[in-house]
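Read off the chains here:
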Amino acid sequence: MIRLTRLNGEHFVLNAELIQRVEGHPDTVVTLRDDTKYVVTETVDQVVREVRDYRASIQAVAFQMDRGEHRPHPTTDLRGPENASVVPFPSRDER
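Residues numbered from 1 in each chain as written. Predicted model: local features only at pLDDT ≥ 70, side-chain atom pairs only at ≥ 80, totals over all residues. Heavy atoms only, no water.

Novice: Whenever I open this one, the pattern of salt bridges confuses me. Can you help?
Specialist: Pairs can form between side chains of opposite charge whenever their charged atoms are close. Applying the stated criterion across every chain yields a total of four salt bridges. Between Glu10 and Arg6 there is a salt bridge, with its nearest N and O atoms 3.5 Å apart. The class for Glu10 is partly exposed, based on a relative accessible area of 39%. Judged by relative accessible area, Arg6 falls into the partly exposed class, the value being 29%. Its salt-bridge partner being Arg21, residue Glu23 comes within 3.1 Å of it at the nearest N-O pair. (Salt bridge = Lys/Arg side-chain N within 4 Å of Asp/Glu carboxyl O. Buried < 20%, exposed > 50% of the residue type's maximum accessible area, 1.4 Å probe, protein only.)

Novice: What am I meant to see in the sheet that holds strand E5 (residues 37-40) here?
Specialist: Backbone hydrogen bonds are what pair the strands of a sheet, in a parallel or an antiparallel way. Strand order across the open sheet formed by three strands is E3-E4-E5, with antiparallel pairing between neighbours. If you trace the sheet from one side to the other, it starts and ends with strand E3 (19-24) and E5, each paired once. Across this sheet, the average inter-strand angle for adjacent strands is 20°, counted without regard to direction. Here E3 pairs with strand E4 (residues 28-32) via five bridges, running antiparallel. Of the residues in E4, the one forming a bridge with Glu23 is Val29. Of the strands in this sheet, E3, E4 and E5 touch helix H1 (residues 44-66), which is tilted by about 155° from E3. (Pairing = 2+ DSSP bridges. Helix = DSSP H or I, 4+ residues; strand = E, 2+ residues; numbered from the N terminus. Axes fitted to C-alpha atoms, helices over the stretch in contact; angles between N-to-C directions. Contact = heavy atoms within 4.5 Å.)

Take a look at the structure:
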C-alpha cells in the first residue's frame, strides 16, 4: 500500500499492485487496472518511488523471514502472539 494525496488535500492509501499506469498531464493521474483514475498532488517520480519502496519493503521482509530474523512490529498484530494465526516461515536449516 502507498500513501497518496488528492488535490483537495485528502490523504488515502492505494494498493500499489492495482496500478496500471501513472501519467503527468500537468496533474498526476494514477490509473488502476479497472480504469479507476485518481488525480494526486504527488509527481510521477514520487509515485514511482513510493511503489518501488513498497515493493522493496516486501522483499526485505521476505529475506528476513527466510533467515528467521523477522520480528513483526508490535502494532501490526493487535490480537497478541498467543492468538496469531500466522505460522513462522521455516529457516533454511529447517527446510
